[in-house]
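Now for the letters of each chain:
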Amino acid sequence: MQQLFSKSDYAVMLGYLLLVILVGLFFSRKEKNTEEYFLGGRRMPSLVIGISMFVTLLSAISFVSIPGEAFEHGLSLYMNELIAPIGIILGFFLFVRFYFKVKCFTPFEYLEARYDKSVRLFISVIYILMRLLYLGVVMYASAVVFKAIVGLPVWVTILVVGVVGIFYTTLGGMKAVVWTDFLQFIILVVGLGFVICKLATNVDGGIPGIITYAFAHGRGFEARKSLTFFSFNPYERITIWLMILPMIANNCFYFGVDQMTIQRLLSTSSYKHAKMATLVNWVVGVPVGAVLWLIGIGLFVYYNTSAKGMLPDGIRSNEIFSYFIANELPSPVPGLLMAALLAAVMSTVDSGMNSLSAVFVKDIYRGFINPLVSAKKELILSKYMTVVWGLFFVTFGLVISGLSESVASSIFEIAGIWGSLLGVAAGTFLLGVTTRRAHKGIIFVSSAAAILTVIILAWKFYYGCEPSERISFAITGTSPFIMMVIIGYPLCLLWPRSEKVKSIKGLTLSTFNV
C-alpha cells in the first residue's frame, strides 16, 4: 500500500512523542508515595479520568478495525455500542462502591476482606498472567497496524512505543498516564473531525447522503434481517445472543473488576466523583464510537461513488481507512491521526504497566512478601516493576514479530482463548457481593470447573476441528464466567457457611449499610 507521508506528518508524530516525555518529566517531581504514584493522590478530576478510561479501552486495533467492519459488513455490530451501557452500569453499581468502602489500591484487596488472602492471591495472579498475555499481543498487533499505515518496521514501532511508554510512565505514574490520555483524546477528536469533513464534502448529500447510500446498498443493520440473527447456533458470525452476552459480560468486567479501569476510578476523590467519571466515559465514548462507524460507511460510499476505482487491487477492508488517511488527507492531518494512533498504542501499554505494577506491589509484595515495607522502598519497587512489565511487553512483542505468520496467529488464538479466564475473576467478585454464603471453598471449586470448561471447549470445539467448524470466540470467551455463576450459586445453597461469613458486614449488597 503506497504511503504518502510528508516531513510535516513525521514532525507531528515526533512532536507528540516529545510532548508525552515532557509530561512524564513534569509529574516525576511530585511522586512522594504510592498513593501519588498509582492513584494521583486520589484527587484526579472526574472529567479527565472519564476520558482516560475511554482512551485506554480504545486500542489502535479498534481505530482501524471498526471502520473496516463498517465498510465490509455495515452497521450490524454497531448494536454492540447500544448494549455496552448495560454492562457498564451493572459493573459500576455492583462493585465499585465496595472499593471505596475498603479504601483500596486494587479491587483484589476487597477479596481479602470478603474471603481471605488465598483468594486475593489466586485472582491477582490470574489477572497478572492474563493481562501480560493480552498486552504483549496488543503491543505486537498494534505495531502491525502502524506498519500498514506508516511503513515503519514492526520492531521499530515496538521499541519506540515501549521505550517512550516506560520512560514517562515510570517517571510520572498515574498522573502522566491520565494526562497523556487526555492529550490523545484531543488529537483524536481533531483528526477524526478532519476525516468526517473530508468525506462529507466529497460525497453527494454530505452526511445524510452517506447514510442514505450506505443503507440502500447493504451497509445498514443488515444482520437483523437474517433468519439466523435470533438463532442459538454458536457457529454463526453474528446472532443477537452472541452480541448481548459478551458485551454485557465484558463491560461488566472492565468497569467493575479490571484494575486498568478501577485504578482510574479510585484516583478520584469519592464514589460520587467516580460515578461522574463513568458518566463522562459514556458521554464521550458514544459519539466517538459513532464517528468511527460513520467513517466506515462513509469510506464505502466515497470509494463507490466519488472515488470509484481508486482503491488498490487486493486491499483488505481493515486497510482502507489507513489508505484514505495516507493518500486523501492534506498534510499534516495524516501525521495528526498517526500521532493519535501511536498514542492509542501507548495508552493501552502504559495503563498495563502502571496497573500491573500496582497489583504486584500491593497484592503480592505488600500483601504476602513484605507487609512492613516502608513507603519509600515501596515507591522505588513500584517504579522498578513498571520498568519490568514494560520490558516484558517489548520483549514479547519483538519475539512474536520474529516468528512466522502462522505461529504468531496461534499466539493470538491462545491469548484470545485463555484470556477468557478473567471471567473467573469476574465471577469471584459477583459471588462475593451478591451472596453472604460464598466462601473460598466455593470459589476454588467453581474456578476449577471454569478452567476445565475452557480446556474442553478449546480442545474439542476449536483446536480439534476444522477452522470452518469452530465455535464462536464469544462462546469460549464467556464460558468461565458462566461456569462460575451456574456452579457457584448452587454451591452457596448446598455448602455450609464458613465462619468468615460472620465478619463480612459492609462487604455484600445486603450488608453494605449495616
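Residues numbered from 1 in each chain as written. Predicted model: local features only at pLDDT ≥ 70, side-chain atom pairs only at ≥ 80, totals over all residues. Heavy atoms only, no water.

A.B. asks: Would you mind going over the overall build of the protein with me for this structure?
C.D. replies: Along the backbone of the protein there are 19 helices and zero strands. Across its three principal axes, the protein shows a C-alpha extent of roughly 70 × 60 × 45 Å. Looking at the protein as a whole, 57% of its 514 residues are labelled buried. For the protein, long-range pairs separated by at least 24 residues make up 85% of all intrachain contacts whose partners lie at least 6 apart in sequence. Within the structure as shown, the protein displays about 20900 Å² of accessible surface, and the carbon and sulfur contribution to it stands at 68%. Separation of charge centres in the protein, based on 39 positive and 26 negative side chains, amounts to 13 Å. (Helix = DSSP H or I, 4+ residues; strand = E, 2+ residues; numbered from the N terminus. Buried < 20%, exposed > 50% of the residue type's maximum accessible area, 1.4 Å probe, protein only. Contact = heavy atoms within 4.5 Å. Areas by Shrake-Rupley, 256 points an atom, 1.4 Å probe, with all protein chains shown as cover. Lys, Arg positive; Asp, Glu negative; His and termini not counted. Charge placed at Lys NZ, Arg CZ, Asp CG, Glu CD.)

A.B. asks: Help me understand unusual backbone geometry in this model?
C.D. replies: Leaving glycine aside, a negative phi is the common case for residues, and trans is the common case for peptide bonds. That bond from Ser 331 to Pro 332 is cis: its omega, 5 degrees, falls within 30 degrees of zero. The topology assignment puts Pro 332 in the loop between helix H13 (320-328) and helix H14 (333-369). With phi around 55 degrees, Arg 42 is a residue other than glycine that occupies positive phi space. Here Arg 42 is to be found in the loop between helix H2 (34-39) and helix H3 (46-57).

A.B. asks: Explain the confidence of the model for the protein here, please?
C.D. replies: As a note on interpretation, predicted positions should not be read in detail where pLDDT is low. Here the protein shows a mean pLDDT of 85. Residues at 70 or above account for 90%. At the low end of the mean pLDDT range in the protein sits helix H16 (residues 405-418), at 61; at the high end sits helix H11 (residues 259-265), at 94. (pLDDT = per-residue confidence, 0-100.)

A.B. asks: How do you make sense of the pattern of salt bridges when you look at a structure like this?
C.D. replies: Charged atoms that come close allow side chains of opposite charge to pair. Here the structure, examined in full by the defined rule, presents 11 salt bridges. Between Glu 36 and Lys 175 there is a salt bridge, with its nearest N and O atoms 3.0 Å apart. Placement of the pair is Glu 36 in helix H2 and Lys 175 in helix H8 (residues 154-201), with a sequence separation of 139 residues. Here Glu 36 and Lys 175 have matching classes, each one buried. Between Lys 440 and Asp 116 there is a salt bridge whose closest N-O contact spans 3.1 Å. Taken together, the residues Lys 440 in helix H18 (residues 440-463) and Asp 116 in the loop between helix H6 (108-114) and helix H7 (117-150) connect sequence positions 324 residues apart. (Salt bridge = Lys/Arg side-chain N within 4 Å of Asp/Glu carboxyl O.)

A.B. asks: Just checking my understanding: could you explain the environment of Asn 250 for this structure?
C.D. replies: Here Asn 250 lies in helix H10 (residues 240-256). Sequence spacing of Asn 250 and Ile 88 is 162 residues, and the spatial spacing of their C-alpha atoms is 8.9 Å.

A.B. asks: I tried to follow the packing of aromatic side chains on my own but got confused; where do I start?
C.D. replies: How two aromatic rings sit relative to each other is given by the distance of their centres and the angle of their planes. Within this structure, the stated rule accounts for 27 aromatic pairs. Both rings, one in Phe 92 and one in Phe 93, keep their centres 5.2 Å apart while their planes meet at 85 degrees; by these two values the pair is edge-to-face. According to the relative accessible area criterion, Phe 92 is buried, its value standing at 2%. On the numbers, 5.6 Å between centres and 45 degrees between planes, the contact of Phe 98 with Tyr 110 is tilted. In this pair, Phe 98 is assigned in helix H5 (residues 79-102) and Tyr 110 in helix H6, connecting sequence segments 12 residues apart. Look at Tyr 110 and you get buried, because its relative accessible area is 0%. Aromatic ring contacts, followed pair by pair, group Phe 95, Phe 98, Tyr 99, Phe 108, Tyr 110, Tyr 127, Phe 429 and Phe 512 into a single cluster. Just above the ring of Phe 105 sits the side chain of Arg 42; from NZ or CZ to the centre is 5.2 Å. (Phe/Tyr/Trp six-rings, centres within 6.5 Å; stacked < 30°, edge-to-face > 60°. Lys NZ or Arg CZ within 6 Å of the ring centre and 35° of its normal.)

A.B. asks: What should I look at first to understand the layout of surface pockets in this one?
C.D. replies: Here the idea is plain: a probe the size of a water molecule rolls over the atoms and shows the empty space left. By volume, the second largest pocket is sized at about 180 Å³. Along its surface, the second largest pocket is lined by Pro 85, Ile 88, Ile 89, Phe 92, Phe 93, Lys 275, Thr 278, Leu 279 and Trp 282. Where the lining of the second largest pocket is concerned, the elements lending two or more residues are H5 and helix H12 (271-302). For the lining of the second largest pocket, the leading source of residues is H5, giving five residues. Its residues assigned to classes, the lining of the second largest pocket shows seven nonpolar, one polar and one charged. (1 Å grid on protein atoms, 1.4 Å probe; cavity = no way out; pocket = protein on both sides within 12 Å on 5 of 7 lines; lining within 4 Å. Points joined across faces, edges and corners; volume = space filled by probe spheres on them. Nonpolar A, V, L, I, M, F, W, Y, C, P; charged D, E, K, R; others polar.)

A.B. asks: Looking at this model, I keep getting lost on a nonpolar patch on the surface. Mind explaining?
C.D. replies: Judged by side-chain polarity, Leu 121, Val 125, Leu 129, Phe 368 and Ile 369 come together as a nonpolar surface patch covering roughly 400 Å² of accessible area. Elements with a minimum of two residues in the nonpolar patch: H7 and H14. Per-element tally for the nonpolar patch: the top contributor is H7, with three residues. (Patch = residues over 30% accessible without salt bridge, like charges linked within 9 Å, V, L, I, M, F, W, Y side chains within 5 Å.)

A.B. asks: Looking at this model, I keep getting lost on the packing of H8 against helix H9 (residues 206-216). Mind explaining?
C.D. replies: For any two helices packed against each other, the geometry comes down to the angle between their axes and how far apart the axes lie. Two elements in contact, H8 and H9, have axes separated by 8 Å at closest approach and are oriented at 75 degrees. Here H8 lies roughly perpendicular to H9, going by the angle between them. On H9, the residues that touch Ile 196, Leu 199 and Ala 200 of H8 are Gly 206, Ile 207 and Ile 210. A class-by-class count of the residues in the contact of H8 with H9 yields five nonpolar, one polar and no charged. (Axes fitted to C-alpha atoms, helices over the stretch in contact; angles between N-to-C directions. Parallel < 35°, antiparallel > 145°, perpendicular 65-115°, else oblique.)

A.B. asks: Looking at this structure, I do not really get the side chain of Thr 157. What am I missing?
C.D. replies: If you trace the backbone, Thr 157 turns up in helix H8. The class for Thr 157 is buried, based on a relative accessible area of 4%. Each residue touching Thr 157, except ones within four places of it in the same chain, is listed here: Ala 143, Phe 146 and Leu 152.

A.B. asks: What should I look at first to understand H7 in this one?
C.D. replies: Given 3.6 residues to a turn, an α-helix orients residues that are three or four positions apart in the same direction. Helix length check: H7 (34 residues) gives 48 Å between terminal C-alpha atoms against 50 Å at 1.5 Å per residue, within 8%. The buried fraction of H7 is high, at 24 of 34 residues. Downstream of H7 by one or two residues, Gly 151 has phi in the positive range, about 95 degrees. (Expected span 1.5 Å × (residues − 1).)

A.B. asks: Would you mind going over the packing of H14 against helix H15 (residues 375-401) with me for this structure?
C.D. replies: Where H14 contacts H15, the axes come no closer than 8 Å and their chain directions differ by 130 degrees. For the element pair H14 / H15, the angle class is oblique. By crossing handedness, the relation of H14 to H15 is classed as right-handed. Residues Val 349, Gly 352, Met 353, Leu 356, Ser 357, Phe 360, Val 361, Lys 362, Tyr 365 and Arg 366 of H14 lie in contact with H15, whose contacting residues are Glu 378, Leu 381, Ser 382, Met 385, Thr 386, Trp 389, Gly 390 and Phe 393. Of the residues belonging to the contact of H14 with H15, the class tally is 10 nonpolar, five polar and three charged. (Left-handed = near helix turned anticlockwise from the far one by under 90°.)

A.B. asks: In this structure, what is going on with the environment of Met 247? I would like to understand it.
C.D. replies: With respect to the element layout, Met 247 can be found in helix H10. Not counting chain neighbours up to four residues away, the residues in contact with Met 247 comprise Asn 80, Ile 83 and Ala 84.

A.B. asks: Is there a simple way to think about the environment of Leu 159 in this case?
C.D. replies: Among the secondary structure elements, Leu 159 is positioned in helix H8. The spacing of Leu 159 and Leu 341 is 182 residues in sequence and 16 Å in space, taken between C-alpha atoms. When near neighbours in sequence (up to four residues on either side) are disregarded, Leu 159 contacts Val 394 and Leu 398.

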